[in-house]
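Listed here are the chains, written in short residue letters.
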Amino acid sequence: MSETRSDGELLRAVAADGDRRAFEELYRRYAPWLTARMCGRCADAGIVDDVVQETFLAVWRGSARYREDGDVAGWLWRIASRRLVDALRGAGARGRLRQALARLRHRDEASAEDRVLAGVEHGDLAGALVRLSPELRAVLQATVVDGLTTREAAVLLGIPPGTVKTRAMRARRQLREALA
(Lines give C-alpha, C1' and ligand atoms only; values in the text may rest on other atoms or scores of the structure.)
Protein backbone atom coordinates (compact mmCIF):
# COMPACT_ATOMS: atom_id res chain seq x y z
CA MET A 1 0.00 0.00 0.00
CA SER A 2 1.45 3.37 -1.02
CA GLU A 3 1.70 6.34 1.29
CA THR A 4 -0.50 9.33 0.43
CA ARG A 5 1.58 12.43 -0.25
CA SER A 6 0.52 15.87 0.95
CA ASP A 7 -0.48 18.56 -1.51
CA GLY A 8 2.80 20.36 -0.88
CA GLU A 9 4.81 17.20 -1.59
CA LEU A 10 2.90 16.65 -4.81
CA LEU A 11 3.49 20.24 -5.96
CA ARG A 12 7.20 20.04 -5.12
CA ALA A 13 7.48 16.79 -7.11
CA VAL A 14 5.72 18.35 -10.10
CA ALA A 15 7.85 21.51 -9.97
CA ALA A 16 11.20 19.85 -9.32
CA ASP A 17 10.99 16.64 -11.30
CA GLY A 18 8.03 16.98 -13.64
CA ASP A 19 6.55 13.98 -11.79
CA ARG A 20 3.58 12.92 -13.90
CA ARG A 21 2.09 10.70 -11.19
CA ALA A 22 2.23 13.52 -8.66
CA PHE A 23 0.53 15.81 -11.17
CA GLU A 24 -2.18 13.22 -11.89
CA GLU A 25 -2.82 12.79 -8.16
CA LEU A 26 -3.11 16.55 -7.69
CA TYR A 27 -5.47 16.72 -10.66
CA ARG A 28 -7.66 13.91 -9.26
CA ARG A 29 -7.82 15.65 -5.89
CA TYR A 30 -8.75 19.11 -7.13
CA ALA A 31 -10.17 19.07 -10.68
CA PRO A 32 -13.70 17.94 -9.66
CA TRP A 33 -13.85 20.50 -6.85
CA LEU A 34 -12.50 23.27 -9.06
CA THR A 35 -14.94 22.39 -11.85
CA ALA A 36 -17.89 22.51 -9.44
CA ARG A 37 -16.76 25.89 -8.07
CA MET A 38 -16.23 27.32 -11.56
CA CYS A 39 -19.71 26.13 -12.61
CA GLY A 40 -21.09 28.31 -9.84
CA ARG A 41 -19.43 31.29 -11.47
CA CYS A 42 -19.92 30.49 -15.17
CA ALA A 43 -22.88 28.80 -16.87
CA ASP A 44 -20.88 27.74 -19.94
CA ALA A 45 -19.52 24.23 -19.36
CA GLY A 46 -17.08 24.62 -22.25
CA ILE A 47 -15.49 27.70 -20.71
CA VAL A 48 -15.36 26.00 -17.31
CA ASP A 49 -13.61 22.97 -18.83
CA ASP A 50 -11.09 25.20 -20.59
CA VAL A 51 -10.41 27.18 -17.42
CA VAL A 52 -9.82 24.07 -15.33
CA GLN A 53 -7.51 22.62 -17.98
CA GLU A 54 -5.59 25.90 -18.32
CA THR A 55 -5.23 26.09 -14.55
CA PHE A 56 -3.63 22.67 -14.32
CA LEU A 57 -1.57 23.33 -17.43
CA ALA A 58 -0.11 26.37 -15.66
CA VAL A 59 0.75 24.14 -12.70
CA TRP A 60 2.38 21.53 -14.97
CA ARG A 61 4.38 24.08 -16.96
CA GLY A 62 5.49 25.80 -13.78
CA SER A 63 4.13 29.17 -14.81
CA ALA A 64 2.06 29.15 -11.59
CA ARG A 65 4.30 29.03 -8.54
CA TYR A 66 3.06 27.80 -5.18
CA ARG A 67 4.85 29.56 -2.34
CA GLU A 68 3.85 27.03 0.33
CA ASP A 69 2.36 29.74 2.51
CA GLY A 70 -1.29 28.98 1.98
CA ASP A 71 -3.96 26.50 1.11
CA VAL A 72 -3.47 24.67 -2.20
CA ALA A 73 -7.21 24.84 -2.96
CA GLY A 74 -7.19 28.62 -2.49
CA TRP A 75 -4.10 28.92 -4.67
CA LEU A 76 -5.71 26.86 -7.47
CA TRP A 77 -8.95 28.86 -7.09
CA ARG A 78 -7.03 32.12 -7.51
CA ILE A 79 -5.36 30.84 -10.70
CA ALA A 80 -8.67 29.55 -12.09
CA SER A 81 -10.54 32.74 -11.22
CA ARG A 82 -8.04 34.82 -13.14
CA ARG A 83 -8.21 32.44 -16.09
CA LEU A 84 -12.02 32.65 -16.01
CA VAL A 85 -11.95 36.44 -16.12
CA ASP A 86 -9.59 36.27 -19.10
CA ALA A 87 -11.84 33.73 -20.84
CA LEU A 88 -14.98 35.80 -20.27
CA ARG A 89 -13.26 38.85 -21.68
CA GLY A 90 -12.36 36.85 -24.78
CA ALA A 91 -14.20 37.12 -28.08
CA GLY A 92 -17.55 35.40 -28.13
CA ALA A 93 -17.68 34.53 -24.43
CA ARG A 94 -20.49 36.93 -23.73
CA GLY A 95 -22.56 35.46 -26.56
CA ARG A 96 -22.05 31.93 -25.25
CA LEU A 97 -23.05 33.04 -21.76
CA ARG A 98 -26.20 34.72 -23.06
CA GLN A 99 -27.12 31.53 -24.93
CA ALA A 100 -26.64 29.46 -21.80
CA LEU A 101 -28.78 31.89 -19.78
CA ALA A 102 -31.42 31.89 -22.52
CA ARG A 103 -31.64 28.09 -22.29
CA LEU A 104 -32.20 28.44 -18.55
CA ARG A 105 -35.01 30.95 -19.12
CA HIS A 106 -37.00 28.49 -21.22
CA ARG A 107 -37.89 26.45 -18.16
CA ASP A 108 -41.44 26.69 -16.81
CA GLU A 109 -40.49 28.71 -13.76
CA ALA A 110 -37.58 31.11 -13.50
CA SER A 111 -35.04 30.09 -10.90
CA ALA A 112 -34.08 32.37 -8.05
CA GLU A 113 -30.75 32.95 -9.80
CA ASP A 114 -32.52 34.06 -13.00
CA ARG A 115 -34.72 36.48 -11.07
CA VAL A 116 -31.72 37.94 -9.26
CA LEU A 117 -29.75 38.24 -12.52
CA ALA A 118 -32.68 40.01 -14.15
CA GLY A 119 -32.85 42.41 -11.22
CA VAL A 120 -29.12 43.01 -11.37
CA GLU A 121 -29.15 43.48 -15.13
CA HIS A 122 -32.19 45.73 -15.34
CA GLY A 123 -32.80 47.12 -11.87
CA ASP A 124 -31.43 49.80 -9.60
CA LEU A 125 -28.99 47.29 -8.15
CA ALA A 126 -27.12 47.11 -11.46
CA GLY A 127 -26.43 50.83 -11.39
CA ALA A 128 -25.44 50.73 -7.74
CA LEU A 129 -23.03 47.86 -8.39
CA VAL A 130 -21.45 49.64 -11.34
CA ARG A 131 -20.77 52.67 -9.16
CA LEU A 132 -18.83 50.60 -6.61
CA SER A 133 -15.05 50.62 -6.90
CA PRO A 134 -13.51 47.49 -8.48
CA GLU A 135 -12.07 46.50 -5.09
CA LEU A 136 -15.48 46.58 -3.41
CA ARG A 137 -17.15 44.74 -6.32
CA ALA A 138 -14.46 42.03 -6.17
CA VAL A 139 -15.15 41.45 -2.46
CA LEU A 140 -18.91 41.24 -3.10
CA GLN A 141 -18.32 38.84 -6.00
CA ALA A 142 -16.18 36.58 -3.86
CA THR A 143 -18.28 36.63 -0.68
CA VAL A 144 -21.83 36.99 -1.96
CA VAL A 145 -21.93 35.55 -5.48
CA ASP A 146 -19.26 32.88 -5.03
CA GLY A 147 -20.20 32.19 -1.41
CA LEU A 148 -16.62 32.22 -0.15
CA THR A 149 -15.79 32.73 3.49
CA THR A 150 -13.84 35.82 4.48
CA ARG A 151 -10.70 33.73 4.71
CA GLU A 152 -11.22 32.11 1.28
CA ALA A 153 -11.97 35.51 -0.26
CA ALA A 154 -8.78 36.88 1.28
CA VAL A 155 -6.76 34.08 -0.33
CA LEU A 156 -8.51 34.55 -3.67
CA LEU A 157 -8.04 38.32 -3.72
CA GLY A 158 -4.58 38.33 -2.15
CA ILE A 159 -5.56 40.68 0.68
CA PRO A 160 -5.80 40.26 4.48
CA PRO A 161 -9.08 38.92 5.94
CA GLY A 162 -9.60 42.18 7.83
CA THR A 163 -9.48 44.08 4.55
CA VAL A 164 -12.12 41.74 3.11
CA LYS A 165 -14.39 42.48 6.08
CA THR A 166 -13.84 46.23 5.81
CA ARG A 167 -14.47 46.30 2.07
CA ALA A 168 -17.59 44.15 2.42
CA MET A 169 -18.95 46.50 5.07
CA ARG A 170 -18.19 49.56 2.89
CA ALA A 171 -19.79 47.92 -0.15
CA ARG A 172 -22.97 47.05 1.77
CA ARG A 173 -23.18 50.57 3.17
CA GLN A 174 -22.72 52.14 -0.29
CA LEU A 175 -25.33 49.81 -1.79
CA ARG A 176 -27.83 50.62 0.99
CA GLU A 177 -27.31 54.33 0.40
CA ALA A 178 -27.64 53.98 -3.38
CA LEU A 179 -30.82 51.89 -3.12
CA ALA A 180 -32.52 53.98 -0.39
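### Let's talk about the state of the cysteines
Next up, step 1: Taken as a whole, this structure holds zero disulfides when the rule is applied.
Next up, step 2: Unpaired in terms of disulfides, C42 finds its nearest cysteine sulfur in C39, a separation of 7.8 Å.

### Focus on the environment of L34
Next up, step 1: Here L34 is to be found in helix α2 (residues 20-39).
Next up, step 2: Between the C-alpha atoms of L34 and V52, which are 18 residues apart in sequence, the distance is 6.9 Å.
Next up, step 3: Residues in contact with L34, not counting those within four places in the same chain, are V52, T55, F56, L76, W77 and A80.

### Some details on the packing of helix α7 (residues 124-131) against helix α10 (residues 161-179)
The relative placement of two packed helices is expressed as an angle between their axes plus a distance between the axes.
Next up, step 1: One can describe the packing of α7 onto α10 by two numbers: an axis separation of 10 Å at closest approach and a directional angle of 135°. Taken together, the axes of α7 and α10 are oblique relative to one another. At the point where α7 passes α10, the crossing takes the right-handed sense. Along its contact with α7, which presents D124, L125, A128, L129 and R131, the element α10 presents L175, A178 and L179.
Next up, step 2: A per-class count over the contact of α7 with α10 returns six nonpolar, no polar and two charged.

### Points about the pattern of salt bridges
Next up, step 1: A complete count under the given rule lists four salt bridges for this structure.
Next up, step 2: Put simply, R5 and D19 hold a salt bridge, and the shortest N to O gap is 3.6 Å. Of this pair, R5 sits in the segment before α1 (7-17) while D19 sits in the loop between α1 and α2; the two residues are 14 residues apart in sequence, bridging distant segments of the chain.
Next up, step 3: Here E25 and R28 are joined by a salt bridge, their closest N and O atoms 3.0 Å apart. Highlighted residues: E25 and R28, both in helix α2, separated by three residues, approximately one helical turn.
Next up, step 4: A relative accessible area of 24% means that E25 is categorised as partly exposed.

### A closer look at the packing of aromatic side chains
Next up, step 1: By the definition in use, this model includes five aromatic pairs.
Next up, step 2: Grouping aromatic residues by their ring pairs yields a cluster made of F23, Y27, F56 and W60.
Next up, step 3: We note R20 situated over the ring of W60; from NZ or CZ to the ring centre the distance is 5.8 Å.
Next up, step 4: Geometry around W77 places R37 over its ring, the cationic atom sitting 4.8 Å from the centre.

### Concerning helix α8 (residues 134-145)
Next up, step 1: Those residues of α8 not exposed but buried are L136, V139, L140 and A142.
Next up, step 2: In the core, the buried residues of α8 are packed alongside α7, α9 (150-157) and α10.
Next up, step 3: Positive backbone phi, at 70°, marks G147, one or two positions downstream of α8.

### Describing the packing of α2 against helix α3 (residues 45-61)
Next up, step 1: Close contact between α2 and α3 brings their axes to 10 Å; oriented N to C, the two are set at 150°. The way α2 lies across α3 gives a crossing that is right-handed. Residues R20, F23, L26, Y27, Y30, A31, L34, T35, M38 and C39 of α2 form the contact with α3, whose participating residues are V48, V51, V52, Q53, T55, F56, V59 and W60.
Next up, step 2: Of the residues in the contact of α2 with α3, the class split is 14 nonpolar, three polar and one charged.

Rules used in this analysis
Residues numbered from 1 in each chain as written. Predicted model: local features only at pLDDT ≥ 70, side-chain atom pairs only at ≥ 80, totals over all residues. Heavy atoms only, no water. Disulfide = S-S within 2.5 Å. Helix = DSSP H or I, 4+ residues; strand = E, 2+ residues; numbered from the N terminus. Contact = heavy atoms within 4.5 Å. Axes fitted to C-alpha atoms, helices over the stretch in contact; angles between N-to-C directions. Parallel < 35°, antiparallel > 145°, perpendicular 65-115°, else oblique. Left-handed = near helix turned anticlockwise from the far one by under 90°. Nonpolar A, V, L, I, M, F, W, Y, C, P; charged D, E, K, R; others polar. Salt bridge = Lys/Arg side-chain N within 4 Å of Asp/Glu carboxyl O. Buried < 20%, exposed > 50% of the residue type's maximum accessible area, 1.4 Å probe, protein only. Phe/Tyr/Trp six-rings, centres within 6.5 Å; stacked < 30°, edge-to-face > 60°. Lys NZ or Arg CZ within 6 Å of the ring centre and 35° of its normal.

Spatial relationships are all this shows, so hold off on functional conclusions.
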